[in-house]
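# Remarks on the overall topology
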Amino acid sequence: MSAGGNGADRSAVSHNSSNRNGNSPKAVGKKGGTGNKGKVTPASARDIALDILVKVEQQGAYSNLLLNSSLQKSALSREDVGLVTELVYGSISRMNTLDYVLEGFVSKGIAKLQSWVRNLLRLSLYQIMYLDRIPSHAAVNEAVNIAKKKGHQGISGMVNGVLRSVLRAGDLPVIPDGLSQAQRISIQYSHPLWLVERWITEYGVDTAEAICAANNEPPAVSVRVNTTMISREALLSQMKEQGLQASASEVSPYGIVVKGGGNLALSSWYRDGYLSVQDESSMLVAEAVAPEPGMRVLDCCAAPGGKTAHMGELMKDEGHIFANDLHPHKAKLISDQSARLGLDCVVTGSSDALELEHTLEHNSFDRILLDAPCSGLGVIRRKPDLKWRKRPEDVTSVASLQGQLLQSVSKLLKPGGILVYSTCTTEQTENSEVVAAFLKQNPDFTSVTFASPLWDRMEGTALAEGEGIQLLPHHYGSDGFYISRLQRVL
């Protein structure tokens, strides 16, 4: 469970950057200026992207939630939906690099600019530096038009001057000599310096750089097949017949990766319960739990229910899964998912996971999944504003909670049962160190991570960190995930 809110993530929308000339002729929005005859001027893709970026910066809004709601309110073409998505996520993801470059061209510094001007320069520079399909002159002209509409001649002149100076400068960014490896990576791949330094300490320079590079790539669209209804091979065949570029996941035997398919949560396959949208790494968690038909299973922090549902599918809907989440409205998401997928074995509850040891019978579950609240630093690719929101102390504080949760829910596991601890982060403070401390305090538990079929498949690519498997974003192009499989000794 990652920090950063729910809603559409970066993979939920097509990533067609723009049409050939970089304009947005089909854009129809709810807001805009007025033309000469008093008609409302439709908000363009860039207008909408700019509005989102300003709200993210000024109001602390989550980009994925705001993007989702803004696109639902608009009537943009699919092409322009892709452009808005690319501009928002790209500008946020590359913000460090964009600001570094702009500082060399804005005489008074970008911090002194109005938020909308600063973000207009960012999204325009993003197009110039990173989007080959948009001609640079089109990006500049669109920026000047927006500046004229929202500001005055002085602002539009400044925007025009800055961006044309950028065009004359050639390849950017120009990184000076004498920087540390961490500073170079921070500028080149647009990550906070503290996080780059942390990853260098943890994984080495090459791996830290690979993580940062991977975080800037758009995530793949992957789906999990509901094998209680259809086989992966059959669904793959249907997708290919519909003209989709679909292939079997190399990470999960239950996954399919789809390119150019748009938002598959809007497909009939989704509505009919044949598939769920889920990252490939995330699919490994239920596989690690390995629930069998007839078992009693506890999912401690279960919303929005993807892993719960996957366990129900693996159990062939035979047995009992108690899926708990702190918030009632999130517990309802689990119920809705289960109903859509035709799963009757899932029962939901809503309470603090730390209280479960007082309300549920000890030694009563065959399997327990603790997909713990975490810093979410493994899903930066999907939620790029996470890297700018997080601080080092966030990692330390959540690790304390994770340890308490693991200790508490372990009392509910039967002797011989399996407890899986997982997070969607890269940080060993939250991962292997939490598990090591737990095993030290609980000699009646032992790690069986590396005796599992999962490790047989991941070995050679994923890392063995402590008593668990660590997947990093560059390993498979999926989310960063940690999974540890613990057994209570008889």
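For clarity, every value in this text was computed on a predicted model and none was experimentally measured.

### Structural notes on the nonpolar core
One finds I52, V84, V88, W116, L120, L121 and V159 to be the most contacted residues of the largest nonpolar core, which totals 50 residues. Mapped onto this core, the elements with two or more residues apiece are α1 (45-59), α2 (63-73), α3 (78-93), α4 (95-103), α5 (115-130), α6 (136-150) and α7 (153-169). Here this core gets nine residues from one element, more than from any other, and that element is α5. Judged by nonpolar contacts, the second largest core, of 49 residues, contains M311, A323, L471 and I483.

### As for the environment of M229
Looking at the secondary structure, you find M229 in the loop between β1 (221-225) and α11 (232-241). The class of M229 is partly exposed, set by a relative accessible area of 38%. Expressed as a C-alpha distance, the spacing of M229 and N160, which sit 69 residues apart in the sequence, is 57 Å. Here M229 is in contact with D272, G273, Y274, L341 and G342, once residues within four sequence places are set aside.

### Description of α3
Since the α-helix turns once every 3.6 residues, residues separated by three or four places project in the same direction. Under the 1.5 Å per step criterion, the end-to-end length of α3 is 22 Å for 16 residues, consistent within 8% with the ideal 22 Å. Of all 16 residues in α3, 14 are buried, a share of seventy percent or more.

### Here's the deal with the side chain of N431
Within the element layout of this structure, N431 appears in the loop between β9 (413-423) and α19 (432-441). The exposure class assigned to N431 is buried, which follows from its relative accessible area of 0%. Here the side chain of N431 touches Q470 through a polar contact of 3.0 Å, side chain to side chain.

### Points about the sheet that holds β1
Here four strands make up an open sheet; going across it, the order is β2-β3-β1-β4 and the pairing antiparallel. A strand with exactly one partner marks an edge of an open sheet, and here the two such strands are β2 (245-248) and β4 (275-277). Going across the sheet, the axis of each strand differs from the next one's by a mean of 30°, ignoring polarity. Looking at chain direction, β2 and strand β3 (residues 255-259) are connected through four bridges and run antiparallel. If you follow S247 over to β3, its bridge partner there is V257.

### Observations concerning the confidence of the model for the protein chain
A residue-level look at the protein chain finds 92% of positions with pLDDT of 70 or above and a mean pLDDT of 92. Ignoring residues within four places in sequence, the model shows residues 1-8, a span with pLDDT below 50, making 32 contacts including any to other chains. Contacts from residues 12-38, a stretch scored under 50 in pLDDT, to residues over four places away or in other chains number 71 contacts.

### Points about unusual backbone geometry
Each neighbour pair has its own omega, and for L172 with P173 the value is 0°, a cis peptide bond. The omega torsion of the bond from A303 to P304 falls at 5°, within 30 degrees of zero and hence cis. With respect to the secondary-structure elements, P304 resides in the loop between β5 (296-299) and α14 (306-314). If you check the backbone angles, S190 has positive phi at about 55° while not being a glycine. With respect to the helices and strands, the residue S190 is situated in the loop between α8 (181-189) and α9 (193-203).

Criteria and cut-off values
- The residue numbers shown here count from 1 along each chain, following its written sequence.
- The model is predicted, so local features are restricted to residues of pLDDT at least 70 and side-chain atom pairs to those at 80 or more, both for listing and for counting; the totals for chains, interfaces and linings are taken over all residues.
- For the side-chain quantities, the full set of heavy atoms in the structure was used; hydrogens and water were omitted.
- As used in this record, nonpolar core signifies buried Ala, Val, Leu, Ile, Met, Phe, Trp, Tyr and Cys residues forming a set joined through side-chain atoms within 4.5 Å.
- Residue burial is assigned from relative accessible area. The probe radius is 1.4 Å, only protein chains are included, and a residue is buried under 20% of its type maximum, exposed over 50%, and partly exposed in between.
- Helical segments are the DSSP runs of H or I of at least four residues, strand segments are the runs of E of at least two, and each set is numbered from the N terminus.
- Residue contacts follow a heavy-atom distance rule, with two residues in contact if any of their heavy atoms lie within 4.5 Å.
- By this rule, a helix spans an expected 1.5 Å times one less than how many residues it contains.
- Contacts described as polar in this section are N or O atom pairs within 3.5 Å, which, within protein, must combine one atom able to donate a hydrogen with one able to accept it, while residues neighboring in sequence count only if both atoms come from side chains.
- When DSSP finds at least two bridges between two strands, those strands are taken to pair.
- Angles shown run from 0 to 180 degrees and are taken between the N-to-C directions of axes, each axis being a line fitted to C-alpha atoms and, for helices, limited to the stretch in contact.
- Think of pLDDT as the predictor's per-residue confidence, scored from 0 to 100.

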